Amino acid sequence: MSEPKHIAVGGLQHETNTFAPHLASYDAFARADSWPPLISGEALFEAMSGLNIPLEGFIQAASEAGQILHPLNWSSAEPSGYVTNDAFERISTLFCEQLQALDRVDAIYLDLHGAMVTEQYQDGEGELLKRLRAIVGEHTPIVISLDLHANVTRAMLDYSDAMTIYRTYPHLDMAACGARAWPLMQELLLGKKLYKAMRKIPFLFSLPSQCTDFDPCKSIYARLPQLQTSGVENIDFATGFPPADIEECGAAVVACGSDAAAVELAADSLLQQVVAAEADFAYPLLTPDEALQRAMRNTSDKPVVLADAQDNPGAGGTSDTTGLLEAMVANHARQAVIAVLYDPEVADAAHRAGSGAILETSIGGRSGPVGVQPYHARFEIEALGDGRFTYTGAMNRNSKARLGNMALLRVVDDHSEVRVIVGSSRTQCLDQAMIRHLGIEPATQKIIAVKSTVHFRADFDAIAAETLVVIAPGIHPCELSGLDYRRLRAGVRLGPLGPEHQ
């Protein structure tokens, strides 16, 4: 390019579990948690610096190429139920007003999730892109990055000119995904046409089987670079976010390039590979008792990690179900810890009582599925924390946690040794720093239970003798055939080789 281009940049991140009770209000986007709060203007660049976030990857790539970047805004909220109309309208209006205020816009880059559902719109990202497209017209390039769990829609494809999608789960390549968007935008800014193709996968599959550390996803993602031949600039595979009751829910192959025929051929080829592996997407799941009994047979000096996958707040779970905790005590687990159980009331009560005090109370079970009860016991308060620490794992590297009051509680019981980390924020336990914050070194435990599905693997697998996925009660189901879909398109199979949705 002969001269620098003016590129507007921003982002909006929310993964919506339409079966979850908590709504994502404007305040959920405005406050900081594991990621920065809603931020606009030049401060956006400072907030992104050094973080594993797609926007930061794009900023670095485009800046090194000498482009002029204009910050819009960026925000995220913890996965939950629907985004409120108020939150969506306020944030999307801010995008539109900021974009309209710019004197010159040659292109737009947005860091989006791809699975946002609002109270009004099944496809939040598609609606936002539609509004921005109306402002800049059809000839201004819009390039987006999406989460691996995106439910890619026709509107997202139509209102953007190109997209990149994460290729790792745990999401270690978020910044790299944003950086991959720059070469595509560069092609568009040079006036080149990029043809697009999308293929929706005819079956849904749950998050445990979407991990890219093992097959079938490992082989699928390994093949993507091989498919980027002459005429195919990019091809990606979004595994989808199943607990979203929308028409276009599900996995998709998305490709773009300068040769329309090559793009279509590459998309078809990858679709065939995914469909051929359908049976391999089934993943072994254990009940809490099965998992505990297996974990307690471990004789190595490494802990067994139990994923409380169905109560993962990173997939909209309430993070306060007590099924796995009850099983840990009932099975007489020792040197065992579960993190993080969301209960602000108990966390605050522990801070009032002080370290060393005995607290008789009920924890959890305040907002989870019907039938999930609080767990009542006597607890010794062993440590207190303010929820402020720096993540040390690869996924959230350099991010500053602001999680509010936290406490380490030991269940007072003669037959078990079980500790519970309670917190004031619904945040999945994906980093050992969250446990170390309360004075426990994870590697010294026999059993570590985490309210997470896959992201924890990036930091915990290295210290684990074994990792087991547990299906205790929760609002993020790993068995999809029982979900009460009302808007999902007919004919989609609910799980690998599962029944078709009618």
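Scroll up to find the structure.
Rules behind the numbers
- Residues numbered from 1 in each chain as written.
- Predicted model: local features only at pLDDT ≥ 70, side-chain atom pairs only at ≥ 80, totals over all residues.
- Heavy atoms only, no water.
- Helix = DSSP H or I, 4+ residues; strand = E, 2+ residues; numbered from the N terminus.
- Rg over C-alpha atoms; globule rule 2.2 N^0.38 Å.
- Buried < 20%, exposed > 50% of the residue type's maximum accessible area, 1.4 Å probe, protein only.
- Contact = heavy atoms within 4.5 Å.
- Lys, Arg positive; Asp, Glu negative; His and termini not counted.
- Charge placed at Lys NZ, Arg CZ, Asp CG, Glu CD.
- Phe/Tyr/Trp six-rings, centres within 6.5 Å; stacked < 30°, edge-to-face > 60°.
- Lys NZ or Arg CZ within 6 Å of the ring centre and 35° of its normal.
- Core = buried A, V, L, I, M, F, W, Y, C linked by side-chain atoms within 4.5 Å.
- Expected span 1.5 Å × (residues − 1).
- 1 Å grid on protein atoms, 1.4 Å probe; cavity = no way out; pocket = protein on both sides within 12 Å on 5 of 7 lines; lining within 4 Å.
- Points joined across faces, edges and corners; volume = space filled by probe spheres on them.
- Nonpolar A, V, L, I, M, F, W, Y, C, P; charged D, E, K, R; others polar.
- Pairing = 2+ DSSP bridges.
- Axes fitted to C-alpha atoms, helices over the stretch in contact; angles between N-to-C directions.
- Parallel < 35°, antiparallel > 145°, perpendicular 65-115°, else oblique.
- Left-handed = near helix turned anticlockwise from the far one by under 90°.

*Asks:* How would you explain the overall build of the protein if you had to name every residue and give the values?
*Replies:* Across its full length, the protein holds 14 helices and 21 strands. Relative to the globule expectation of 23 Å for 502 residues, the C-alpha radius of gyration of the protein, 23 Å, shows essentially globular dimensions. By residue count, 62% of the 502 residues in the protein fall in the buried class. Nonlocal contacts in the protein, meaning residues at least 24 apart in sequence, comprise 74% of its contacts between residues at least 6 apart. Counting 39 positive and 62 negative side-chain charges, the protein places the averaged centre of each group 2 Å from the other.

*Asks:* Help me get a handle on the packing of aromatic side chains, residues and values and all.
*Replies:* Evaluation of the coordinates by the stated rule reveals 14 aromatic pairs. Seen in terms of ring centroids, phenylalanine 205 and phenylalanine 237 are 6.5 Å apart; in terms of plane orientation they differ by 25°. Their pairing is stacked. You can see phenylalanine 205 sitting in the loop between strand S8 (203–204) and helix H8 (217–227) and its partner phenylalanine 237 sitting in strand S9 (residues 234–238), a full 32 residues away along the chain. One Lys or Arg, arginine 90, reaches over the ring of tyrosine 26 and ends 3.6 Å from the middle of that ring. For lysine 193, the ring lying beneath its charged end belongs to tyrosine 195, and the centroid distance is 5.7 Å.

*Asks:* Tell me about helix H11 (residues 323–330), and name the residues and values.
*Replies:* When you tally the buried positions in H11, you get 6 out of 8 residues, the bulk of the element. Buried residues of H11: Gly323, Leu324, Leu325, Ala327, Met328 and Val329, and no others. Taken from the residues just after H11, histidine 332 is the one with a positive phi, measuring 60°.

*Asks:* Which residues make up the nonpolar core, and what values do they have?
*Replies:* Ranked by internal contacts, the top residues of the largest apolar core, which has 103 residues, are Ile7, Leu55, Phe58, Met185, Phe237, Ile421 and Phe460. By residue number, the principal contributor to this core is helix H7 (residues 174–189), which donates 8 residues. Discounting residues that sit within four places of it in the chain, phenylalanine 58 has contacts with Ile7, Val9, Leu69, Tyr109, Gly178, Ala179, Ala181, Trp182 and Met185.

*Asks:* Go over helix H5 (residues 124–136) with me, naming the residues and quoting the values.
*Replies:* Along its 13 residues, H5 runs 19 Å from first to last C-alpha, staying within 8% of the 18 Å computed at 1.5 Å per residue. For H5, the buried fraction is high: 10 of the 13 residues fall into the buried class. When H5 is considered as a whole, its buried residues turn out to be Gly124, Glu125, Gly126, Glu127, Leu128, Leu129, Arg131, Leu132, Arg133 and Val136. If you follow the buried residues of H5, they end up packed against strand S1 (6–13), helix H4 (85–100), strand S4 (107–112), strand S5 (142–146) and helix H6 (154–159). Trailing H5 by a residue or two, glycine 137 shows a phi angle of about 85°, which is positive.

*Asks:* Outline empty space enclosed by the protein, supporting the account with residue identities and numerical values.
*Replies:* Across all of its chains, the model carries 4 cavities of 30 Å³ or more by this definition. Of the volumes computed, that of the largest cavity is approximately 430 Å³. If you trace the largest cavity, you find 29 residues lining it, with Trp35, Glu78, Pro79, Met395 and Gln428 closest to the centre. Across the lining of the largest cavity, the residue classes tally to 11 nonpolar, 14 polar and 4 charged. The volume enclosed by the second largest cavity comes to roughly 50 Å³. Lining the second largest cavity are Leu157, Ser160, Ala162, Met163, Lys196, Asn234, Val254, Ala255 and Cys256. Among the secondary structure elements, those contributing two or more residues to the lining of the second largest cavity are strand S6 (162–165) and strand S10 (252–257). Of the residues in the lining of the second largest cavity, the class split is 6 nonpolar, 2 polar and 1 charged.

*Asks:* How would you summarise the pairing of strand S3 (residues 68–76) if you had to cite specific residues and measurements?
*Replies:* Judged by how many residues are buried, S3 sits mostly within the fold: 8 of 9 residues are covered. Across 7 bridges, the pairing between S1 and S3 is parallel. Across the sheet, glycine 11 pairs through a bridge with tryptophan 74, a residue of S3.

*Asks:* So, the layout of surface pockets: which residues are in play, and what are the values?
*Replies:* The computed volume of the largest pocket comes to approximately 340 Å³. Taken together, 17 residues form the lining of the largest pocket, with Ala28, Arg31, Glu78, Tyr342 and Arg426 sitting closest to its centre. In terms of residue class, the lining of the largest pocket is built from 6 nonpolar, 6 polar and 5 charged. Looking at the second largest pocket, it is lined by 14 residues, and the ones nearest its centre are Glu138, Asp161, Leu188, Lys192 and Lys193. Along the lines of polarity and charge, the residues of the lining of the second largest pocket split into 4 nonpolar, 4 polar and 6 charged.

*Asks:* Summarise the packing of helix H3 (residues 54–64) against H7; cite the residues concerned and give the values.
*Replies:* Here H3 crosses H7 at 45°, and the two axes come no closer than 6 Å. Overall, the two elements H3 and H7 adopt an arrangement that is oblique. Crossing geometry of H3 relative to H7 is assigned as right-handed. Packed against H3, whose contacting residues are Pro54, Gly57, Phe58, Ala61 and Ala62, the element H7 presents Met174, Ala175, Gly178, Ala179, Ala181, Trp182 and Met185 at the interface. Of the residues belonging to the contact of H3 with H7, the class tally is 10 nonpolar, 2 polar and no charged.

*Asks:* Any chance you could break down the sheet that holds strand S12 (residues 336–342) for me, citing the residues and the numbers?
*Replies:* Pairing within the open sheet is mixed, and its 8 strands lie in the order S13-S14-S17-S18-S12-S19-S11-S20. Either end of the sheet is taken by a strand with one partner, and the two such strands are strand S13 (358–363) and strand S20 (466–470). The average undirected angle you get between the axes of adjacent strands in this sheet is 30°. Taken together, the 5 bridges between strand S11 (residues 304–308) and S20 define a ladder with parallel strand orientation.

By themselves, these are just geometric observations and shouldn't be taken as functional.
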